[in-house]
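# Per-entry structural report
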Amino acid sequence: MSQYLLLGFIAIGGAFGACSRYLISELCVILFGRGFPYGTLTVNIIGSLIMGLLMSGLNQGMIEAAPWRPMIGLGFLGALTTFSTFSMDNIVMMQQGEFIKAGLNIVLNVTVSLFACYIGYQLMMKS
């Protein structure tokens, strides 16, 4: 695959990932308000689940590496997941003295995202 085609696939995935991130985050604000970074948590969990599905599908040969790995793994998931935003959310909460919320956010994002990735992987393994 040429580098230009590869970059095109990454760009397409990134565009969909960024739009998905925005829509999911906005939906979380509508549903749950702004009292906790639910949007960031949600996209990290969904992204981890999709990464588990993708990697398992690739490992089993159910999914072709090209173009899906660069399009989904690099483009879509790179734009969807938000660990840089996750970091800033926690810094802001700590600066506001909300250490319990920050701690909860850290624990939930890390543990639930890892669990979602594992579940995604296992779901594809049993297919």
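Parameters at a glance
Residues numbered from 1 in each chain as written. Predicted model: local features only at pLDDT ≥ 70, side-chain atom pairs only at ≥ 80, totals over all residues. Heavy atoms only, no water. Salt bridge = Lys/Arg side-chain N within 4 Å of Asp/Glu carboxyl O. Buried < 20%, exposed > 50% of the residue type's maximum accessible area, 1.4 Å probe, protein only. Patch = residues over 30% accessible without salt bridge, like charges linked within 9 Å, V, L, I, M, F, W, Y side chains within 5 Å. Areas by Shrake-Rupley, 256 points an atom, 1.4 Å probe, with all protein chains shown as cover. Helix = DSSP H or I, 4+ residues; strand = E, 2+ residues; numbered from the N terminus. Axes fitted to C-alpha atoms, helices over the stretch in contact; angles between N-to-C directions. Parallel < 35°, antiparallel > 145°, perpendicular 65-115°, else oblique. Left-handed = near helix turned anticlockwise from the far one by under 90°. Contact = heavy atoms within 4.5 Å. Nonpolar A, V, L, I, M, F, W, Y, C, P; charged D, E, K, R; others polar. UniProt positions renumbered as here; feature names shortened; annotations may be inferred. Polar contact = N/O pair within 3.5 Å; in protein donor to acceptor, adjacent residues only side chain to side chain.

## Quick look at the pattern of salt bridges
For the structure shown, the criterion picks out one salt bridge. With a shortest N-O distance of 3.7 Å, E98 and K101 are connected by a salt bridge. Of the residues examined, K101 reaches a relative accessible area of 32% and is grouped as partly exposed.

## Some thoughts on a nonpolar patch on the surface
Residues L27, I30, L31, F32 and Y38 make up a contiguous nonpolar surface patch of roughly 540 Å² in combined accessible area. Inspection of the secondary structure assignment puts L27 in helix α1 (residues 3–32). Given the relative accessible area of 45%, L27 is considered partly exposed.

## Digging into the packing of helix α4 (residues 83–95) against helix α5 (residues 99–125)
Put simply, α4 and α5 touch, their axes get as near as 7 Å, and they point 160° apart. In terms of axis orientation, α4 runs roughly antiparallel to α5. Between α4 and α5 the crossing geometry is left-handed. Judged by residue contacts, F86, D89, N90, M93 and M94 of α4 engage F99, K101, A102, N105, I106 and N109 from α5. Among the residues forming the contact of α4 with α5, the class breakdown is six nonpolar, three polar and two charged.

## Looking at the UniProt feature "binding site: Na(+)" (unreviewed entry) in the chain
UniProt tags G78 and T81 as "binding site: Na(+)" (unreviewed entry). Position of G78 among the secondary structure elements: in helix α3 (residues 65–80). Tracing the chain through its elements places T81 in the loop between α3 and α4. T81 has contacts with V43, N44 and G47, leaving out every residue within four places of it along the chain. Here the side chain of T81 touches L77 through a polar contact of 2.8 Å, landing on its backbone oxygen.

## Considerations on the side chain of N44
Along the polypeptide, N44 turns up in helix α2 (residues 38–59). Excluding anything up to four places from it in sequence, N44 contacts T81, T82, F83, F86, N109 and S113.

## Side note on the environment of I63
Looking at the element boundaries, I63 is found in the loop between α2 and α3. Here the alpha-carbon distance between I63 and L108, two residues 45 residues apart in the chain, equals 30 Å. If sequence neighbours within four positions are ignored, I63 has contacts with L53, L54, G57, L58, W68 and M124.

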